[in-house]
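Breakdown of the fold
Chain residues, written in single-letter form:
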Amino acid sequence: MNSEAHHRVLEAPAWGVFVRYAMMFARTFAVFLILTTIWSRHLAMSFDTIWRFNVVGLGAVWFVFAWVFAWAGLFVLIGKGEDYFEKKVTLVGRAIWLSVNAGIWEELIFRWLVFGSAMITLTFVNWVTFGLLHWLYVSLFIPVANWLTFGALAPQLLSANWILGAAVLSASASFQSGHKHLGLFGYLNAWFLGMIFFWLTFNHGIFTAMVAHVMYDLIILVAYALKSKKVRLNPQP
């Protein structure tokens, strides 16, 4: 994971973080609304069941928190902190704000809006490619993804309606693309996290995925904040 990218994100102003996510949400919601209003028949599932929270789901993904705690702890012990003009307590507060925004907005955007829109856009792309997209997903992308995730998302990936699994992978790829600034390891890690958040959304509700996402980001960003070093300005002679 590229620690520099996470360090520097702590410089983002609070209002800027909220506005950026709100605008991203507005754009994706507009697209989703247009597509589902005209072509709702192409939706491969109903979203009624995802609006719930189940604390049991957080325990089911204990390995995610074990991994991120280990990584953050190792960074605090041997990592290199960045210089900031703000105090640690200010940076910790900013880390909390960033984590809450990322966890809530990104789950709404990728596990709902991008996912839903993908069901319709992929159907159209498959039509214009004379079924080539269907063949690629069913023969290659979905089997590989199912293997990499140990079959955890098999009910969705191997659904009788292939577009459901294809939309999961498309939305996860979009989520992953948004984290390419984290370097190769962070980029690959984002894909697995996206699939885990999808598993939580399907099995325990999107609010459970939000909480897990917030917690994951919070552990990392607070570690960076705690490791930071305050710059002391020398008085002018």
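Preceding block: the structure.
Some words on the overall build of the protein
Check the secondary structure of the protein and you find ten helices and two strands. Along the chain direction, N to C, the helices and strands of the protein fall in the order α-α-α-α-β-α-α-α-α-α-α-β. Taken against the 2.2 N^0.38 rule, which gives 18 Å for 237 residues, the C-alpha radius of gyration of the protein at 20 Å falls within 12% of a compact globule. Taken along its principal axes, the extent of the C-alpha atoms in the protein is 75 × 35 × 35 Å. Burial statistics for the protein: of 237 residues in total, 46% are counted as buried. Within the protein, contacts between residues separated by at least 24 positions form 84% of all contacts whose residues are at least 6 apart in sequence. Carbon and sulfur atoms form 72% of the exposed surface of the protein, whose accessible area is close to 12400 Å². For the protein, the centre of its 15 positive side-chain charges and the centre of its 9 negative side-chain charges are spaced 3 Å apart.

Quick word on the side chain of Arg94
Relative to the helices and strands, Arg94 resides in helix H5 (residues 88-128). The exposure class of Arg94 is buried, given its relative accessible area of 17%. Excluding residues that lie within four positions of it along the chain, Arg94 makes contacts with Leu10, Glu11, Ala12 and Glu86.

Side note on the packing of aromatic side chains
Following the criterion strictly, the structure yields 23 aromatic pairs and no others. For the ring pair Phe25 and Phe29, a centre distance of 5.9 Å and an interplane angle of 10° mean the geometry is stacked. Placement of both Phe25 and Phe29 in helix H2 (residues 14-39) is noted, with a separation of four residues, approximately one turn of the helix. Given the relative accessible area of 18%, Phe25 is considered buried. Looking at Phe29, the relative accessible area reads 31%, which means it is partly exposed. What links up through ring pairs into an aromatic cluster is the set Phe18, Phe25, Phe29, Phe32, Phe47, Trp51, Trp105, Trp112, Phe115, Phe198, Phe202 and Phe207.

Thoughts on the nonpolar core
Grouped together as the largest cluster of nonpolar side chains are 68 residues, with contacts concentrated most on Leu10 and Phe115. Among the secondary structure elements, those contributing two or more residues to this core are H2, helix H4 (62-78), H5, helix H6 (132-148), helix H8 (162-177), helix H9 (183-204) and helix H10 (206-227). The leading source of residues in this core is H5, at 15 residues. Every residue in contact with Leu10, bar those within four places of it in the chain, is listed here: Tyr84, Leu91, Arg94, Ala95, Leu98, Leu221, Tyr224 and Ala225.

Notes on the packing of H9 against H10
In the contact formed by H9 and H10, the axes pass within 7 Å of each other and the chain directions differ by 145°. Here H9 contributes Asn189, Leu193, Phe197, Leu200, Thr201 and His204 to the contact with H10, which in turn contributes Ile206, Thr208, Ala209, Ala212, His213 and Tyr216. Tallied by class, the residues present in the contact of H9 with H10 amount to seven nonpolar, five polar and no charged.

Focus on H9
Here H9 contains 22 residues, and its C-alpha end-to-end distance of 30 Å stays within 8% of the 32 Å for a straight helix at 1.5 Å per residue. Immediately beyond the C-terminal end of H9, within one or two residues, lies Gly205, with a positive phi of roughly 100°.

Points about the pattern of salt bridges
Scanning all chains against the criterion turns up one salt bridge. Glu107 is the partner of Arg111 in a salt bridge, and the nearest nitrogen-oxygen pair spans 2.8 Å. Residue Arg111 and its partner Glu107 are located together in helix H5, separated by four residues, close to a single helical turn. Across the pair, Glu107 and Arg111 agree in class, each one buried.

Let's talk about the side chain of His213
Mapped onto the secondary structure, His213 falls in helix H10. Using a relative accessible area of 2% as the deciding quantity, one classes His213 as buried. Setting aside chain neighbours within four positions, we find His213 in contact with Ala102, Gly103, Glu106, Glu107, Phe175 and Phe197.

Rules behind the numbers
Residues numbered from 1 in each chain as written. Predicted model: local features only at pLDDT ≥ 70, side-chain atom pairs only at ≥ 80, totals over all residues. Heavy atoms only, no water. Helix = DSSP H or I, 4+ residues; strand = E, 2+ residues; numbered from the N terminus. Rg over C-alpha atoms; globule rule 2.2 N^0.38 Å. Buried < 20%, exposed > 50% of the residue type's maximum accessible area, 1.4 Å probe, protein only. Contact = heavy atoms within 4.5 Å. Areas by Shrake-Rupley, 256 points an atom, 1.4 Å probe, with all protein chains shown as cover. Lys, Arg positive; Asp, Glu negative; His and termini not counted. Charge placed at Lys NZ, Arg CZ, Asp CG, Glu CD. Phe/Tyr/Trp six-rings, centres within 6.5 Å; stacked < 30°, edge-to-face > 60°. Core = buried A, V, L, I, M, F, W, Y, C linked by side-chain atoms within 4.5 Å. Axes fitted to C-alpha atoms, helices over the stretch in contact; angles between N-to-C directions. Nonpolar A, V, L, I, M, F, W, Y, C, P; charged D, E, K, R; others polar. Expected span 1.5 Å × (residues − 1). Salt bridge = Lys/Arg side-chain N within 4 Å of Asp/Glu carboxyl O.

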